[in-house]
Amino acid sequence: MTTAELDRLWGQPKGLLGFLSGVNHKVVGKRFMVTAFVFFLIAGLEALFIRAQLFSPLGDVLSPDRYNQFFTMHGSTMMFLFAVPFFEGLAIYVTPLMIGTRDMAFPRLNAFGYWVYLVAGITLHFSLIFGMAPDAGWFSYPPLSGPGFSPGPNLDWWVTMIAFLEVAALVAAVELIVTICKQRVPGMAAHRMPLFVWAILVMAFMIVFAMPPLVVASLFLGTDRFLGTHFFAAAGGGKPLLFQHLFWFFGHPDVYIILLPALGVISTLLPTAVRRPIVGYGAVVLAGVAVGFLSFGLWVHHMYAAGLPLVGTNLFSAASLLITIPNTVQIFAWIATIWRGQRAVLHSWFLYAVGFLVTFILGGITGMMVASVPFDLQVHDTHFVVAHFHYVLIGGAVFPIFAAIHFWFPKVTGRLLHEGRAKVAFALVFVGFHLTFFPLHILGLEGMPRRIYTYLPEMGWEGLNRLSTIGAFVLGLGVLVHLLDFVWCWFLGRKAPPNPWGASTLEWATASPPPQHNFTEQIPVRSRDPLWEPAPEPAIVPDRPGEWERMVVTTTVLDAREEALASLPFNSVWPFWLAMALSLAFLGAMVHPLLVPVGLALGGVALAGWHWPRKEKRP
């Protein structure tokens with residue numbers, strides 16, 4: 001089959017129908033990343049309003065109710081709509097290219113997950129526009145979030161959309177696991193997989209185990225609110241503390257669900273920057289797996305103040321300290337790689353990787369402090385905790401995300417970013433970030449509670465709050481410079497060669513941007529850094545003769561020996577309609593219970609259309 005025929009076979013129609021029916025992993029991955037970045041900008045604006053409110057004592061930028069809505073939406077957006085979806089989008093785009101295949105294992109499921117994510121995110125933000133946004137914090141603890149204390153529709157949006165949103169995360173996780181395990185190019189055995197792919201595999205397994213408790217918790221809270229059940233209502237025999245257990249059994253692994261792909265990004269970038277394989281490949285892989293396992297044993301770390309038995313809190317305190325060991329192993333591997341490699345060129349993505357390293361270490365140190373029960377009880381619900389988790393999550397996720405954007409931007413768009421503007425923006429982001437969040441440590445130690453919309457002048461918190469607010473606007477300016485540079489260079493930037501950084505992984509072996517079918521020839525893999533090895537003779541990717549089908553090679557799980565050819569489905573609009581039908585079922589629950597079966601019935605029709613047999617004929 002010729003390259004032009006392959007491009008037509010794997011491409012998508014133009015126009016609105018093509019937009020709604022596209023299932024290619026590059027299309028879906030880009031949509032996830034762009035949408036998540038838009039939500040990141042919205043969350044950033046919400047944060048600027050919060051900081052403006054706290055700039056002076058007795059501030060009046062936001063009313064108390066709107067302040068509650070803004071910090072709830074800021075937290076919910078960053079945790080549910082930005083960090084995890086962005087990394088999933090990056091994984092959906094990059095992983096098939098890194099492992100040498102042509103698409104994800106379930107392309108239609110891929111597209112369905114995106115539409116669910118889009119509807120849930122937009123719906124949640126419409127509630128903010130109409131002044132009915134959730135206002136009980138991003139974790140929405142009962143009884144505050146129950147019908148007794150929050151009778152309006154605000155919390156209905158949260159419980160409904162969070163449960164719906166997690167469907168998107170789960171389907172993405174399942175398809176990533178299957179794709180990584182079964183579609184690696186022949187020769188890419190488990191011990192040769194790129195570290196980013198290892199990180200995504202661990203992240204995907206974590207999502208499969210961590211998200212269901214959150215879905216259960218939000219559904220139970222929804223039935224308490226809609227149907228009058230008493231899962232979390234103490235007056236009816238329920239247990240409010242059960243919600244915290246379910247939420248944090250998801251919540252603490254979720255921190256590492258965000259961090260692990262970030263660590264995978266850093267483990268990919270640093271060897272490229274210093275032109276040598278990473279030091280301690282096996283140790284880094286095992287450290288990532290260990291982080292995945294240990295993270296499920298830390299959830300009580302967030303509940304020391306809930307009145308649990310001392311023996312239990314001490315056990316979880318020890319587990320919280322234990323997880324620093326595998327994280328430290330990775331940090332030393334990165335430092336050793338830089339130390340033993342060639343002198344790095346200071347690309348913007350390398351600066352972000354180093355910025356991450358500094359910030360992540362500082363966040364880790366405060367993490368060890370709050371792992372201690374007596375210290376945590378002293379700073380619980382103060383701005384010290386706000387500073388700690390922003391150092392871990394913003395420093396540990398946003399810096400790697402910016403590094404990843406700068407690193408893979410040429411591959412995705414076929415254009416290079418402007419290095420000068422990128423470095424200016426990095427300086428603003430780095431300085432602005434530390435100026436914003438470091439003073440919050442001191443404010444927390446001085447006793448300033450979190451989630452208060454104002455404070456009195458005699459408390460003495462004004463100076464540090466002003467410093468923090470100025471830092472937030474410097475940080476926002478840095479993000480704005482990045483945004484303008486991204487948009488400008490996407491359309492008018494210099495054209496990028498296939499491998500502008502001289503990287504070693506397979507995504508750089510194809511054109512920038514990649515063709516619809518990714519690879520015309522199958523590149524043999526005999527090491528962990530195939531593009532740094534002498535180029536062996538590529539093989540033709542097999543297609544079934546005489547048939548006009550989308551074929552991919554499947555391989556064995558561990559040693560990636562060629563096993564069979566699998567046929568993937570074509571573009572379809574049915575994933576979109578299924579997402580709309582299920583949206584009706586979930587949103588309808590807030591309006592009238594009868595809309596739930598109506599939405600499910602329409603979903604059944606969409607599923608029938610999805611699976612209706614169709615044979616694509618060669619033109």
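To keep things clear, this report deals only with the structure shown in the data block. Everything numeric here is computed off the predicted structure, so don't read it as measured data.

Section: the pairing of strand β4 (residues 562-568)
The pairing of strand β3 (residues 550-555) with β4 spans six bridges and is classified as antiparallel. When the sheet's bridge partners are listed, V552 is paired in β4 with A566. In this structure, the hairpin formed by β3 and β4 is closed by a connection of six residues, where A560 is found at a positive phi of approximately 55°.

As for the side chain of D254
Considering the arrangement of structural elements, one finds D254 in helix α8 (residues 240-274). For the buried residue D254, which engages in no salt bridge, the nearest side chain bearing the opposite charge is R450, 13 Å off. Setting aside anything within four residues of it in sequence, one finds D254 in contact with M79, V84 and M211.

Describing the nonpolar core
The biggest cluster of nonpolar side chains holds 178 residues, and the ones touching the most others in it are F82, L90, Y117, F247, W334, F402 and W408. With 20 residues, the single largest contributor to this core is helix α4 (residues 64-98). If we ignore the near neighbours within four places in the chain, the residues touching Y117 are F32, T35, A36, F39, L81, P85, L165 and A168. Of all hydrophobic cores here, the second largest spans six residues; its members include L6, L9, W10 and V552.

Some points on the packing of aromatic side chains
Across all of its chains, the model carries 56 aromatic pairs by this definition. Each ring, one from W299 and one from F316, has its centre 5.1 Å from the other, and the planes form 70°; the classification is edge-to-face. Here W299 is found in the loop between α9 (281-294) and α10 (310-322), whereas its partner F316 is found in helix α10, with 17 residues between them in sequence. For F316, a relative accessible area of 14% translates into the label buried.

Points about helix α11 (residues 324-340)
The end-to-end C-alpha separation of α11 is 24 Å, in line with the 24 Å expected for 17 residues at 1.5 Å each. Within α11 the residues assigned to the buried category are P326, N327, Q330, I331, A333, W334 and T337. Across the axial projection of α11, the buried residues extend over an arc of 155°, all falling on one side. Opposite the packed face of α11, turned more than 90 degrees from it, sit the exposed residues I325, F332, W339 and R340. In this structure, the buried residues of α11 make contact with α8, α9, α10 and α12 (348-371).

As for the pattern of salt bridges
Enumeration over the complete set of coordinates arrives at seven salt bridges. D381 is the partner of R451 in a salt bridge, and the nearest nitrogen-oxygen pair spans 3.2 Å. Taken as a pair, R451 in the loop between α15 (419-445) and α16 (462-492) and D381 in the loop between α13 (373-379) and α14 (383-413) lie far apart in primary sequence, 70 residues in all. By relative accessible area, R451 is classed as partly exposed at 29%. When its relative accessible area of 32% is taken as the criterion, D381 is described as partly exposed. Its salt-bridge partner being E462, residue R466 comes within 2.8 Å of it at the nearest N-O pair. With R466 and E462 both in helix α16 and four residues apart, this pair spans about one turn of that helix.

Thoughts on unusual backbone geometry
Here the amide bond leading from P142 into P143 is cis, since omega sits at 10°, within 30 degrees of zero. Tracing the backbone shows P143 in the loop between α5 (107-129) and α6 (154-182). Although it is not a glycine, D381 adopts a positive phi angle of roughly 60°. Its identity as a non-glycine residue notwithstanding, N518 has a phi of 70°, on the positive side.

Re the packing of helix α3 (residues 25-53) against α16
To describe two helices that pack against each other, one gives the angle between their axes and the distance between the axes. Where α3 meets α16, the axes come as close as 10 Å, and the angle between the chain directions of the two elements is 155°. Taken together, the axes of α3 and α16 are roughly antiparallel relative to one another. Handedness of the α3/α16 crossing: left-handed. Residues K30, V34, F37, F40, L41, L48, R51 and A52 of α3 form the contact with α16, whose own contacting residues are N465, S468, T469, A472, F473, V479, L483, F486 and W490. For the contact of α3 with α16, the class distribution of residues is twelve nonpolar, three polar and two charged.

Some thoughts on the packing of α8 against α14
It is the contact of α8 with α14, at a shortest axis distance of 9 Å, that shows an interaxial angle of 45°. Classified by the angle between their axes, α8 and α14 sit oblique to one another. Pair α8 / α14 crosses with left-handed handedness. Every residue of α14 that contacts α8 at V255, I258, L259, A262, V265, I266, T268, L269 and T272 is listed here: V392, L393, G396, A397, P400, A403, A404, F407 and W408. Here the contact of α8 with α14 is composed, by residue class, of 15 nonpolar, three polar and no charged.

What counts, and at which threshold
Residues numbered from 1 in each chain as written. Predicted model: local features only at pLDDT ≥ 70, side-chain atom pairs only at ≥ 80, totals over all residues. Heavy atoms only, no water. Pairing = 2+ DSSP bridges. Helix = DSSP H or I, 4+ residues; strand = E, 2+ residues; numbered from the N terminus. Buried < 20%, exposed > 50% of the residue type's maximum accessible area, 1.4 Å probe, protein only. Lys, Arg positive; Asp, Glu negative; His and termini not counted. Salt bridge = Lys/Arg side-chain N within 4 Å of Asp/Glu carboxyl O. Contact = heavy atoms within 4.5 Å. Core = buried A, V, L, I, M, F, W, Y, C linked by side-chain atoms within 4.5 Å. Phe/Tyr/Trp six-rings, centres within 6.5 Å; stacked < 30°, edge-to-face > 60°. Expected span 1.5 Å × (residues − 1). Arc of directions from axis to C-beta. Axes fitted to C-alpha atoms, helices over the stretch in contact; angles between N-to-C directions. Parallel < 35°, antiparallel > 145°, perpendicular 65-115°, else oblique. Left-handed = near helix turned anticlockwise from the far one by under 90°. Nonpolar A, V, L, I, M, F, W, Y, C, P; charged D, E, K, R; others polar.

By themselves, these figures tell us nothing about what the structure is for.
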